[in-house]
Amino acid sequence: MNAPHYPEPTWMRISGRKTPIYTRPLLGSELFDDRTSALLDGMTDACVGFTFQSLYAAAEVEQRARNAFARLRFSCPIIATDIVGDVSGPIPRSWVYAPVQCLSELTRWMNDAFCTVQHDLNVNAFVEDISRSRLPYQPQNASPIWFRCYLLLGNNNKYGLYFHGPHAIMDGGPTLNAFALMLQWMTNDATEPAENLLWGTEWHNLPLGPVSATGGPREDWDIAGVELLKHLPDSEAVRTIPLAARPFRISECAVGKTYRLERVFDLASTRRLVSKIRAIGCSMSHLFEAAYCMALLARNKITPSMWNAYHFSGNSSAISLIPHLRLPYDSRTHFISSRTHIPIQISMSEISSIVSPRRQLLQIAQAIEQRYTRFATHHCMPHVQAARAYQPDALSESSDFESSVNNVGSIERRLPLSWKGSQAIEPVIELESVLFSVRLTSLAPIIHIWTMKGSLHVQIQASDAWLEADLQDLLDTICSRACLVLEDFSHNPPGHPSDPPLNERSRL
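Treat the numbers as computed from the prediction; the structure is a model and nothing was measured. (Residues numbered from 1 in each chain as written. Predicted model: local features only at pLDDT ≥ 70, side-chain atom pairs only at ≥ 80, totals over all residues. Heavy atoms only, no water.)

**Some words on the side chain of Glu 30**
We count it as follows: Helix and strand assignments come from DSSP, with helices taken as H or I runs of at least 4 residues and strands as E runs of at least 2, each series counted from the N terminus. Burial here depends on accessible area, computed with a 1.4 Å probe over protein chains only, as a share of the maximum for the residue type. Under 20% is buried, over 50% is exposed, and the range in between is partly exposed. What makes two residues a contact is simply this: any of their non-hydrogen atoms within 4.5 Å.
By the element assignment, Glu 30 lies in helix α1 (residues 28-39). For Glu 30, a relative accessible area of 1% puts it in the buried group. With residues up to four places along the chain from it excluded, the contact list for Glu 30 reads Arg 24, Pro 25, Trp 95, Ala 168, Ile 336 and Ser 337.

Have a look at this one:
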């Protein structure tokens, strides 16, 4: 079992060129995300953004956003890189970055990478159209554009700001940090023009790989790290049948086209869910993973007598590396795919003897939480994805994309919703809504959950192989199963004598 590659490849200047160009291979989750996109026709390429109101006039919003995006390139130059190499080859593909040599180069790049669109703010239609576009963009007489910023100019001082790029860059946390930087620069009157920055030196801000950025290799990786890898996935579950969600049609009509549906819980329901989840020692991710599992059992019409033949693969084990960064690396500007994914599998034999649906839900949620905690608290966890990327079959095996719940968390904890600027008394920008979209070319749906303004949002998206009514039914089923946690045991019929005791704790 290979250890994470160390010394980890870092940015190196390509020799034999008059103008500097820097490169390093894709690493860790960067490599897996790029491989998924390249082999599955853009699968998981992301479009993320906000609608907002502003006191600024449209022309000023455009000028401020354009300047902020140019500054973002200086602080996070990964957005202006190219990705080169053969995804089917024996070595990883590489990032390639050419520093800005003169302001005319910056202007040409901005003209291709920053787009202003007059729009009625029908965000769903805009994002649906963007998601059908295959990255990279290919402007005439210019390098490929892998990352683009769109500013939508609506009516009545309403706007939209969206990033479109590969998931090899756009993990949820780093992407929201990048929006926070842009909004800070857009609203601060003291922000200097991007033209005044020390262009040509910005390559120093290119992000290091996951091992270097999180403090280097763990001394006992050869023992503790290898042992951790051996537990992936759970050996008792891999011999059973995976639960899956499939549409009634077997192929898409239009590749990349997605349906996206959303359920918003009101403030009171959200507070009750959070309270109950804390009481049982789980997270919102674990609860909705468990609800999704129960929805799959119902959707596939699997009777309890057959449950022992199946297992559920959870996705709540995708763990961000941003909290694990070590100085001098700044989490605000570490804009790159940065996570470790540890597949969690739950055998349905763990609930086959339980009669109460609520107890089934909580048993699955707590089983997910226990497995998650075992890996999340392991000191070698930040480097698992980096090590798996260098396994002999990491680049050659075919991808079987099965995803479930992706928890973005609280938007307000990532960035403020109100931006006053340096001199303003009242907010000059107010964020109204956020949207997460990915290009889908597989049949499995993807679920995102987050909280904003105190309300829980549950979003499901899938390719157009799904009927919208069918997808709505799946979303409704997941939400109804999750709400079982709100029921009290005293109000339920007596459970089966074999129902195991649950670890329900007082609120933390």
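**Some thoughts on the packing of aromatic side chains**
The cut-off we apply is this: Note on aromatic contacts: the rings of Phe and Tyr and the six-membered ring of Trp form a pair at centre separations within 6.5 Å, being stacked when their planes are under 30 degrees apart, edge-to-face when over 60 apart, and tilted otherwise.
Scanning the entire structure with this criterion turns up 15 aromatic pairs. Arranged with centres 5.2 Å apart and planes meeting at 90°, the rings of Phe 74 and Trp 199 form a pair that is edge-to-face. Taken together, the residues Phe 74 in helix α2 (residues 58-75) and Trp 199 in the loop between α5 (172-187) and α6 (210-213) connect sequence positions 125 residues apart. The pair formed by Phe 74 and Trp 199 is uniform in burial state, with each residue classed as buried. Three or more aromatic residues joined by ring pairs form one cluster here, namely Phe 50, Phe 69, Trp 109, Phe 114, Phe 147, Phe 163, Phe 179 and Phe 335.

**Re the sheet that holds strand β10 (residues 258-264)**
Defined as follows: Two strands form a pair only when DSSP identifies at least two bridges running between them. Here the axes come from fitting lines to C-alpha atoms, over the contacting stretch only for helices, and the angles between their N-to-C directions go from 0 to 180 degrees.
With mixed pairing, four strands are arranged side by side in an open sheet as β10-β19-β18-β15. Edge positions in the sheet fall to β10 and β15 (405-410), since each has one partner strand and no second. Taking each pair of neighbouring strands and ignoring which way they run, the sheet shows an average axis angle of 15°. Pairing between strand β18 (residues 446-452) and strand β19 (residues 455-463): seven bridges, direction antiparallel.

**With respect to the domain arrangement of the protein chain**
In many analyses, interface size is given as the accessible surface area lost on bringing the parts together. The cut-off we apply is this: What counts as a domain boundary in this text is fixed by an automatic or database domain assignment. Here the quantity called buried area is the total loss of accessible area, with a 1.4 Å probe, experienced by two parts when brought into contact, counted for both. Whenever Lys or Arg places a side-chain nitrogen within 4 Å of a carboxyl oxygen from Asp or Glu, that contact is recorded as a salt bridge. For this analysis, a polar contact is any N or O atom pair within 3.5 Å, provided that within protein one partner can donate a hydrogen and the other can accept it, and provided that sequence-adjacent residues contribute only side-chain to side-chain pairs. Each residue gets one of three labels, nonpolar for Ala, Val, Leu, Ile, Met, Phe, Trp, Tyr, Cys and Pro, charged for Asp, Glu, Lys and Arg, and polar for the others, Gly among them.
Per the domain assignment, the segments making up the protein chain are domain 1 (19-210) and domain 2 (216-413 + 441-486). Each of domain 1 and domain 2 was reduced to a C-alpha centroid, and the two centroids are 27 Å apart. When the buried surface of domain 1 facing domain 2 is broken down by residue, Phe 32, Arg 35 and Met 43 rank first, second and third, together holding 17% of it. Between domain 1 and domain 2 we count two salt bridges in total. Put simply, Arg 339 and Asp 33 hold a salt bridge, and the shortest N to O gap is 2.7 Å. Between domain 1 and domain 2 we count twelve residue pairs in polar contact (both at pLDDT 80 or more) in total. When residues of the side of domain 1 that touches domain 2 are traced back to their parent elements, those giving at least two are α1, α4 (123-131) and α5. When residues in the side of domain 1 that touches domain 2 are grouped by element, the largest group, eight residues, is from α1. Taken together, the residues of the side of domain 1 that touches domain 2 sort by class into 26 nonpolar, eleven polar and eight charged.

**Points about unusual backbone geometry**
The omega torsion of the bond from Leu 135 to Pro 136 falls at 0°, within 30 degrees of zero and hence cis. Along the chain, Pro 136 falls in the loop between α4 and β7 (148-153). Here the bond from Leu 327 into Pro 328 is cis, since omega is 15°, no more than 30 degrees from zero. Structurally, the position occupied by Pro 328 is in the loop between β12 (318-320) and β13 (339-341). The phi torsion at Asp 41 lies on the positive side, around 55°, for a residue other than glycine. Within the element layout of this structure, Asp 41 appears in the loop between α1 and β3 (46-54). Judged by its relative accessible area of 36%, Asp 41 falls in the partly exposed class.

**Examining the environment of Ser 349**
Within the secondary structure layout, Ser 349 lies in the loop between β14 (344-347) and α10 (357-376). A relative accessible area of 36% means that Ser 349 is categorised as partly exposed. Between the alpha carbons of Ser 349 and Ala 309 there is a distance of 7.7 Å; along the sequence they are 40 residues apart. A distance of 2.8 Å separates a polar atom in the side chain of Ser 349 from a polar atom in the side chain of Ser 347.

**Considering helix α3 (residues 103-113)**
Since one α-helical turn is 3.6 residues long, residues separated by three or four positions face the same way. The condition is simple: In this context, the arc is that of the directions from the helix axis out to the C-beta atoms.
Those residues of α3 lying buried are Leu 106, Trp 109, Met 110 and Ala 113. An end-on view of α3 places all buried positions within 100° of arc, on one side of the element. Buried-residue contacts for α3 involve α2, β6 (114-118) and β7.

**Here's the deal with the pattern of salt bridges**
Across all of its chains, the model carries 13 salt bridges by this definition. For Glu 30, the salt bridge goes to Arg 24, with nearest N and O atoms at 3.0 Å. Summarising the burial analysis for this pair, Glu 30 and Arg 24 share the class buried.

**Concerning the pairing of β3**
Most of β3 is tucked away: eight of the nine residues are buried. Here β3 pairs with strand β8 (residues 158-165) via eight bridges, running antiparallel. Residue Val 48 lies in a different strand from β8, and its bridge partner there is Phe 163. By the bridge criterion, nine bridges tie β3 to strand β17 (residues 429-438) in an arrangement that is antiparallel. In the strand pairing of β17, Ala 46 is matched with Val 438.

**Remarks on the nonpolar core**
Rules: The definition of a nonpolar core used throughout is a set of buried Ala, Val, Leu, Ile, Met, Phe, Trp, Tyr and Cys residues joined through side-chain atoms within 4.5 Å.
Grouped together as the largest cluster of nonpolar side chains are 87 residues, with contacts concentrated most on Phe 69, Leu 72, Phe 163, Ile 411 and Leu 431. The two domains that each donate at least three residues to this core are domain 1 (19-210) and domain 2 (216-413 + 441-486). The contacts of Ile 411, once residues within four sequence positions are left out, are Phe 50, Leu 176, Leu 417, Val 434, Phe 436, Trp 450, Thr 451 and Met 452. Core analysis: the next-biggest nonpolar cluster, separate from the first, contains 51 residues, Leu 273, Tyr 310, Leu 361 and Leu 484 among them.

**With respect to the side chain of Thr 23**
With respect to the secondary-structure elements, Thr 23 resides in strand β2 (residues 22-25). One polar contact links the side chain of Thr 23 to the main-chain carbonyl oxygen of Trp 95, over a distance of 2.6 Å. Setting aside chain neighbours within four positions, we find Thr 23 in contact with Thr 10, Trp 11, Met 12, Ile 14, Ser 94, Trp 95 and Val 96.

**Side note on the sheet that holds strand β9 (residues 241-242)**
Read across the open sheet, the three strands follow the order β9-β11-β14; overall the sheet is mixed. For this open sheet the edge positions go to β9 and β14, each flanked by a neighbour on one side alone. Pairing of strand β11 (residues 310-314) with β14 involves four bridges; the strand directions are antiparallel. By the bridge assignment, Gly 314 is partnered in β14 with Ile 344. Those strands touched by α10 are β11 and β14, and its axis lies near 145° from that of β14.

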